[in-house]
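Here is how the chains run, residue by residue.
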Amino acid sequence: MEVKTSLLDNMIGVGDMVLIEPLSEDTFIENLKKRFDHNEIYTYIGSVVISMNPYKSLPIYTAEKVEEYRNRNFYELSPHVYALADEAYRSLREQDKDQCILITGESGAGKTEASKFVMSYVAAVCGKGQEVNKVKEQLLQSNPVLEAFGNAKTVRNDNSSRFGKYMDIEFDFKGDPLGGVISNYLLEKSRVVKQPRGERNFHIFYQLLSGASDDTLKKLKLDRDFSKYNYLSLDSATVNGLDDAASFRTVRNAMQIVGFMEDEVQSILELVAAVLKLGNIEFKPESRCNGYDESRVKDKNDLKEMCELLGIEQSVLERAFSFRTVEAKMEKMSTTLNVAQAYYARDALAKNLYSRLFSWLVNRINESIKAQTKSRKKVMGVLDIYGFEIFEDNSFEQFIINYCNEKLQQIFIELTLREEQEEYVREGIEWTNIEYFNNAIICDLIENNKNGILAMLDEECLRPGTVTDETFLDKLNTVCAEHQHFESRQSKNSKFLTDHSLPHNCFRIQHYAGKVLYRVEGFVDKNNDLLYRDLSQAMYKANHSLIKILFPEGNPAKVNLKRPPTAGFQFKASVGTLMKNLLSKNPNYIRCIKPNDKKAAHIFTDSLVCHQVRYLGLMENVRVRRAGYAFRQAYEPCLERYKMLCKQTWPHWKGPARGGVEVLLTDLQVPAEEFAYGRSKIFIRNPRTLFFLEEKRRQCLEDLATLIQKIYRGWKSRTHFLLLKKSQVVVAAWYRRFAQQKKYQNIRSSALVFQSFIRGWKARKLLRELKHKKRCEKAVSTISAYWHGTQARWELRRLKEEARNKHAVSVIWAAWLGTKARRELRRLKHEARSKLAVSVIWACWQGTKARRELKRLKEEARRKHAVAVIWAYWLGLKVRREYRKFFRANAGKKIYDFTIQRIMQKYFLGLKKMPSMSPVDKSWPARPYGFLDGTHQELRRIFHLWRCKKYRSQFTEEKKATYEEKLAASELFKDKKALYPSSVGQPFKGDYVEMTKNPKYQKLNSFVEDKVLVADVVSKINRANGKGAPRIFLLTKKSLVLADQKTGQVKASVPLPDLSSVSVSTQNDGFFALKLKEGSTSAAKGDFLLSSDRLIEIITKLHCIGATSADRNKINIDISDEFLVQFKQDKVCVKFIQGTPKNGNGVACKRKNNRLLEVSVPSP
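Predicted model only: the values in this text are computed from it and were never measured.

Draft legend 1. Seen up close, the packing of helix α6 (residues 203-211) against helix α9 (residues 262-279). Between α6 and α9, whose axes approach to 11 Å, the crossing angle comes to 105°. Regarding the angle of α6 to α9, the classification is roughly perpendicular. Between α6, through I204, F205, L208 and L209, and α9, the contact on the second element is made entirely by L269, V272, V275 and L276.

Written out as structure tokens, the structure reads:
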């Protein structure tokens, strides 16, 4: 059986704000916070989805989640944007109702991401196929293109949409996407020319400079350095978490998928580059003979490159920046533009060029993604538009944005009430009128064709004569003074005359979300949004294919003298069309809320969320939903959820679901006024009744769970017992089978053994009988053979005996003859030996006597030799005793000296292989003995001094001076300035701007008479805001000069005798202050606070010039993290601190007050 789930299951806080009890702003915020802390970022108000930006990735957008919410009831699962997207898609597909999804909220609340999730869900659940997948991919890939050209980094959001977008996605009858149409509203084109502090221009500028190839940039005449373009803010050029290079590749790929041709992409990039070049065009005043001021372009290089990109003649565009042609009836009049007007014309052209390019992009995307069939189509609209804005300084943009939100709030209340009324009528419930705040009176105050603020603004813009923002405010004070939602300091209503929180140049409107103070400054200019006709005609003359399309009014053949519609009129018409479109569709709402201003996860700022809840009108929405019946549910799921509370409906109800619900509520004794029966739904008036049912259901589920556990445990135990019993039977059967098999095998084995023994015994018995018979037969033959042999041996023995007897006679005779001969021989020998013995005995006696004499002589000689040896030893002993004391005193020293002499000789011979002659080579042979340590180090020092002298003898005078400067830098900054180690390996080049080669600096080169020692680009720090302005810094032996970087015009020239000291910090920064002597002519404007990457070289050369000059004192170098700088009449303290600047890893200077400039230096 399928398990039914509900929004109320496992609920953290309250999933639907309609059910919150008691209802108050505090409980509303507390419920949002509780769900946000548990990563529940979605909450319902009826069918409205509240979305909290978590500022982190959550695992709730996976493919499994898509399948989980697919084709499920809206209240069946926990709140999610997928539930709303699924409800809208199923209503469009099954009920044939056109849908629209309205996504609102302030910047950074996650509107763009919510629209992406809606589109990705619809793309995932709709049909598949090659053509369908292509359409889905084109619809999804249109987002990166529009984000690159329409989104920017703001202080509230790193990817803030600076335009409103409405996309109609068209489907066929099966629910497969066919195409789409995109509408854009109010691009913030003023961002092109100026960005607030901490924000940056549109993404495409930074993506182009970071991600384009070198060849592409060369074709577009661009450089990767952001600082070279005036329209790009540098304090937030790089954003953590945004990879502009990778984003540029993504945009190029998306444009290819959407269907842009390569030449179209190139044309778009050329226009983007032209806007950057346009911002670098600067003007200078030039007086004419008639007394009028005329503007001229200072440096025509950027103008020339821009004209080459767009194919415009340089002279045509240059004249359009200097003159303006005014046509009235049949007359033409040409007037000159001063510098301020020229800058206004330049910025107006840049804004119009970019905004028209953006509109063309939207139209071009629509051509690619529009449906190809003309059959009837179903439509789902997705509106991603800016929310209500209340800033410290609100201008024309906030006024029309809030007007749009007033209209959206009006249609939201009307559609919500209409939906409620239709459901009550459809279910047969009596409808009662609901009191609510109708903001139609505010909309009428703004859009009324006669007395509306927009109408009066248009009237003021079209009025002849002097038109200013003050005259517009006067007109508002006259017409709208009695309106209850309009307030002004100069209004006829005197109650505001003492309201000092309301300035004179402002007016206040009581919007549905609260009071908003608008500053009228810029209202007229922004509403006019004029582009001089000369510039339009100059643009139309371009050879660029896209420029002619963007500026059709510049066609001389179609000159229209009628004034173009104002920005307010156009936006009002667009909002009217949008409202008409939304009223024709079934609405679905996503209200986005930003939990904190830090863009950090896990932080919930109650005051900020409360502010957004108020201006989004969420409490009003809850009150409207709760005005009648707070909760409603179809009978079937209601009965399925609560049937266990009544014995009659549990476990199965046989009958209609409505009857089961009636029985259930009657059994629970719910008061009749707390509910009503509709045709298909049960309506519950108070959330307490629903929570009562939920509490009853929870208790009943606990009892049922206990019962189920008991039954389950019994079933589990019985099952286990039966399993054990069955197992025992099986085990016993298998054991008996095994025992019988074992017994049979033993019996069979025994029988086989017995049989084998019997067979063996019989075989052995037969063998013995056969062997006995064989031995008997063999014995007869053997005995016969032995007998014949015995007889033969006896005969042989007899014959041998006879032969031996005959031989014995011969032998005996021979032996006798031999015996006789030997006897005779012995006799003869005895006689001879007797004669010889006498001679031998005599000889032996003589020998004995001689040996005795020899022994006596030897003994005598030994005695004489022993005496001589003993005497010699005695003499030697006496000599040794005499000289022993002398020998012991000198022998050790002589041996030591000899040994030392040999060691030193060997040591010096070992030093033949000397190290290299390079002074930086620190190698040296190891010492062989410890006592040579001092000599070893001294020789090493002498050798190093000698090779250093040899090395210095090769220096030229110029190189010698460079090393002297490096030595001076070491004495000044070593261990004192953190920037010094990085400068050691950098040579002191001196001229870094190529003064002699650059023709732009010829005039400056002629101004300086002496030799330029240092020429570099530095930043001159402005005490007002801490920002730097680029300047050319020139240093000679007599003076230092500061000049404009672009024009080369000299801004200041200071003689070196007027310079008293230089102050720097100990940190890793390039800031230094040039302090001038009080009373000197150069000190009129005060000291100079500069910043340079080559600080070490500049100050070293300043110090060297002062040290070598005899006619002036030495320049003092003050190294401290806090010093005073004289600006005209005021002294300002410059303080250096370590920290992480907002603009990345660089050094940031910021004004804290009128007397303090604080410089943030990155920690090492």
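Draft legend 2. View of the pairing of strand β12 (residues 378-384). Extensive coverage of β12 is indicated by the burial of seven of its seven residues. Both faces of β12 are covered, namely the face carrying K378, M380, V382 and D384 and the face carrying V379, G381 and L383. One ladder, built from seven bridges, connects strand β6 (residues 164-171) with β12; its direction is antiparallel. Bridge pairing in β12 links I169 to M380.

Draft legend 3. Representation of the environment of R697 within the structure. The residue R697 is located in helix α25 (residues 687-910) in this model. According to the relative accessible area criterion, R697 is buried, its value standing at 13%. The spacing of R697 and S923 is 226 residues in sequence and 88 Å in space, taken between C-alpha atoms.

Draft legend 4. Representation of the pattern of salt bridges in the model. The tally for this structure, following the rule as stated, stands at 49 salt bridges. Between K65 and E68 there is a salt bridge, with its nearest N and O atoms 3.6 Å apart. Of this pair, K65 and E68 both sit in helix α2 (residues 63-69), three residues apart, which is roughly one turn of that helix. Put simply, E801 and R804 hold a salt bridge, and the shortest N to O gap is 2.8 Å. A residue pair is termed a helical-turn pair when its members lie 3 or 4 positions apart in one helix, as E801 and R804 do in helix α25 at three residues. Here the salt bridges do not stand alone but share partners, grouping R162, E188, R191 and E199 into one network.

Draft legend 5. View of the sheet that holds strand β2 (residues 48-52). The seven strands lie next to each other as β1-β2-β16-β3-β12-β6-β7, forming an open sheet whose pairing is mixed. Single-partner strands in this sheet number two, and they are β1 (42-45) and β7 (177-185). This sheet shows a mean twist of 20° between the axes of neighbouring strands, independent of strand direction. Both strand β3 (residues 99-104) and strand β16 (residues 586-593) contribute to a ladder of six bridges, which runs parallel. Directly across from L102, in β16, lies its bridge partner Y589. Here helix α20 (residues 567-583) sits on the sheet in contact with β3, β6, β7 and β12, set at roughly 35° to β6.

Draft legend 6. Geometry of α6. For α6, the tally of buried residues reaches eight of nine residues, placing the bulk of the element in the interior. Listing the buried residues of α6 in full gives H203, I204, F205, Y206, Q207, L208, L209 and G211.

Draft legend 7. Structural detail: a nonpolar patch on the surface. Where nonpolar side chains cluster on the molecular surface, the patch consists of I708, Y712 and W715 and spans about 360 Å² of accessible area. Position of I708 relative to the elements: it lies in helix α25.

Draft legend 8. Region of the structure containing the environment of M456. Structurally, the position occupied by M456 is in helix α15 (residues 453-462). On a C-alpha basis, the gap between M456 and Q1067 in space is 58 Å, while along the polypeptide they are 611 residues apart. If near-sequence neighbours (up to four positions away) are discounted, M456 is found in contact with N451, F472, K475, L476, V479 and C480.

Draft legend 9. Representation of the sheet that holds strand β31 (residues 1156-1161) in the model. Spatially, the four strands line up as an open sheet ordered β28-β29-β31-β30, and their pairing is mixed. Every interior strand has two partners, whereas the edge strands, β28 (1122-1127) and β30 (1148-1153), have only one. Strand-to-strand twist in this sheet, taken as the mean axis angle between neighbours without regard to direction, amounts to 30°. Here β28 pairs with strand β29 (residues 1130-1138) via six bridges, running antiparallel. Across the sheet, residue E1122 finds its bridge partner in β29, namely K1135.

Draft legend 10. How the structure looks around the side chain of R947. Its location among the elements puts R947 in helix α26 (residues 933-952). Every residue in contact with R947, bar those within four places of it in the chain, is listed here: P915, S916, M917, S918, P919 and D921.

Draft legend 11. Structural detail: the packing of aromatic side chains. One pass over the full model with this rule turns up 26 aromatic pairs. Consider the rings of Y61 and F117, whose centres lie 3.9 Å apart with planes at 10°: the pair is stacked. Taken together, the residues span a long stretch of sequence, with Y61 in the loop between β2 and α2 and F117 in helix α4 (residues 111-125) at a distance of 56 residues. Taken together through their ring pairs, the aromatic side chains of F396, F399, F472, F486, F507, Y518 and F523 make up a single cluster. Here R1094 stacks its cationic end above the ring of Y992, 3.8 Å away from the centre of that ring.

How each quantity is defined
- Residues numbered from 1 in each chain as written.
- Predicted model: local features only at pLDDT ≥ 70, side-chain atom pairs only at ≥ 80, totals over all residues.
- Heavy atoms only, no water.
- Axes fitted to C-alpha atoms, helices over the stretch in contact; angles between N-to-C directions.
- Helix = DSSP H or I, 4+ residues; strand = E, 2+ residues; numbered from the N terminus.
- Parallel < 35°, antiparallel > 145°, perpendicular 65-115°, else oblique.
- Contact = heavy atoms within 4.5 Å.
- Buried < 20%, exposed > 50% of the residue type's maximum accessible area, 1.4 Å probe, protein only.
- Pairing = 2+ DSSP bridges.
- Salt bridge = Lys/Arg side-chain N within 4 Å of Asp/Glu carboxyl O.
- Patch = residues over 30% accessible without salt bridge, like charges linked within 9 Å, V, L, I, M, F, W, Y side chains within 5 Å.
- Areas by Shrake-Rupley, 256 points an atom, 1.4 Å probe, with all protein chains shown as cover.
- Phe/Tyr/Trp six-rings, centres within 6.5 Å; stacked < 30°, edge-to-face > 60°.
- Lys NZ or Arg CZ within 6 Å of the ring centre and 35° of its normal.

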